[in-house]
Amino acid sequence: MDRMKKELSQKQREELLDILKTRFEKNMQRHKGLEWAKVQAKLEAAATKLWSLNEMERTGGEPDVVSHNKKTGEYVFYDCSAQSPHGRRNFCYDREALQSRKEHKPENNAIDVAASMGIEILTEEQYRELQQLGGFDTKTSSWVKTPASIRKLGGATFCDRRYDTVFLYHNGAESYYAARGFRGALKV
């Protein structure tokens, strides 16, 4: 796969569609009333979106359909891995935070990695919606889109689920941890 072209080969498309179909059928509680054939038709018409879903899958996100917007016809995918995607951990929040670190810089930052994948980092509201579909991040945490007023002061926000409750926390945007990653959303 050429990540610069953002296209998958025919074989990669077929493999990804098989993975997504299996996950869709196994987790019907996430998307009651939706039909895989309609989702697949939408995906097959959107090569770049398939590439983004493959990036979500490749980095451990286990993307799945979580909703359908009847007005726009878009299907919404979120990372549905039990814990924060393993291939997207150890990142600080954004480029400004990464550049501010004097030493022990992380490999990258959540906002730029999400953009390079063609996805959006979940907002707090989306994160809470995801948690209605199951118990996610019970041992990890995930950066969420931080309000500009908090980010301007050097902070960033993240969420997790503990004691069967979703918590929103703050940290310096330049911080990073082995158990903190980010979850993404993609509209197709």
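Residues numbered from 1 in each chain as written. Predicted model: local features only at pLDDT ≥ 70, side-chain atom pairs only at ≥ 80, totals over all residues. Heavy atoms only, no water.

J.: Can you explain the overall build of the protein? Please cite residues and give values.
T.: Check the secondary structure of the protein and you find seven helices and eight strands. Dimensions of the protein along its principal axes, counting C-alpha atoms only, are 50 × 40 × 30 Å. Looking at the protein residue by residue over its 188 residues, the buried ones come to 47%. Partitioning the intrachain contacts of the protein with sequence separation of at least 6 by distance along the chain shows that 62% fall at a separation of at least 24. Carbon and sulfur atoms make up 49% of the accessible area of the protein, which amounts to about 10000 Å² in all. Side-chain charges of the protein comprise 32 positive and 27 negative groups, with the mean position of each set lying 2 Å from the other. (Helix = DSSP H or I, 4+ residues; strand = E, 2+ residues; numbered from the N terminus. Buried < 20%, exposed > 50% of the residue type's maximum accessible area, 1.4 Å probe, protein only. Contact = heavy atoms within 4.5 Å. Areas by Shrake-Rupley, 256 points an atom, 1.4 Å probe, with all protein chains shown as cover. Lys, Arg positive; Asp, Glu negative; His and termini not counted. Charge placed at Lys NZ, Arg CZ, Asp CG, Glu CD.)

J.: Account for the side chain of Ser 175, with residues named and values stated.
T.: Mapped onto the secondary structure, Ser 175 falls in the loop between strand E6 (165–172) and strand E7 (180–182). Looking at Ser 175, the relative accessible area reads 9%, which means it is buried. A polar side-chain atom of Ser 175 sits 3.0 Å from a polar atom in the side chain of Asn 171. Engagement of the side chain of Ser 175 in a polar contact is seen with the backbone oxygen of Gly 172, the distance being 2.7 Å. Ignoring sequence-local partners within four residues, the contact set of Ser 175 consists of Phe 91, Cys 92, Tyr 93, Arg 101, Trp 143 and Arg 180. (Polar contact = N/O pair within 3.5 Å; in protein donor to acceptor, adjacent residues only side chain to side chain.)

J.: Just give me the short version of helix H3 (residues 47–58), but keep the residues and values in it.
T.: Taking 1.5 Å as the rise per residue, H3 with twelve residues should run 16 Å; its terminal C-alpha atoms sit 16 Å apart, in good agreement. Three or more residues of H3 are buried, namely Leu 50, Trp 51, Ser 52, Leu 53, Asn 54, Glu 55, Met 56 and Glu 57. Close packing links the buried residues of H3 with helix H1 (10–26), helix H2 (36–44), strand E1 (63–68), strand E2 (75–79), helix H5 (110–117) and strand E8 (184–187). Taken from the residues just after H3, Gly 60 is the one with a positive phi, measuring 90°. (Expected span 1.5 Å × (residues − 1).)

J.: How would you explain the packing of aromatic side chains if you had to name every residue and give the values?
T.: All chains considered together, the criterion is met by five aromatic pairs. Ring geometry for Tyr 93 and Trp 143: centres 5.6 Å apart, planes at 65°, overall edge-to-face. On the criterion of sequence distance, the pair formed by Tyr 93 in the loop between E2 and helix H4 (95–100) and Trp 143 in strand E4 (residues 141–144) is long-range, its members being 50 residues apart. Trp 143 matches Tyr 93 in its accessibility class, with the two residues each being buried. (Phe/Tyr/Trp six-rings, centres within 6.5 Å; stacked < 30°, edge-to-face > 60°.)

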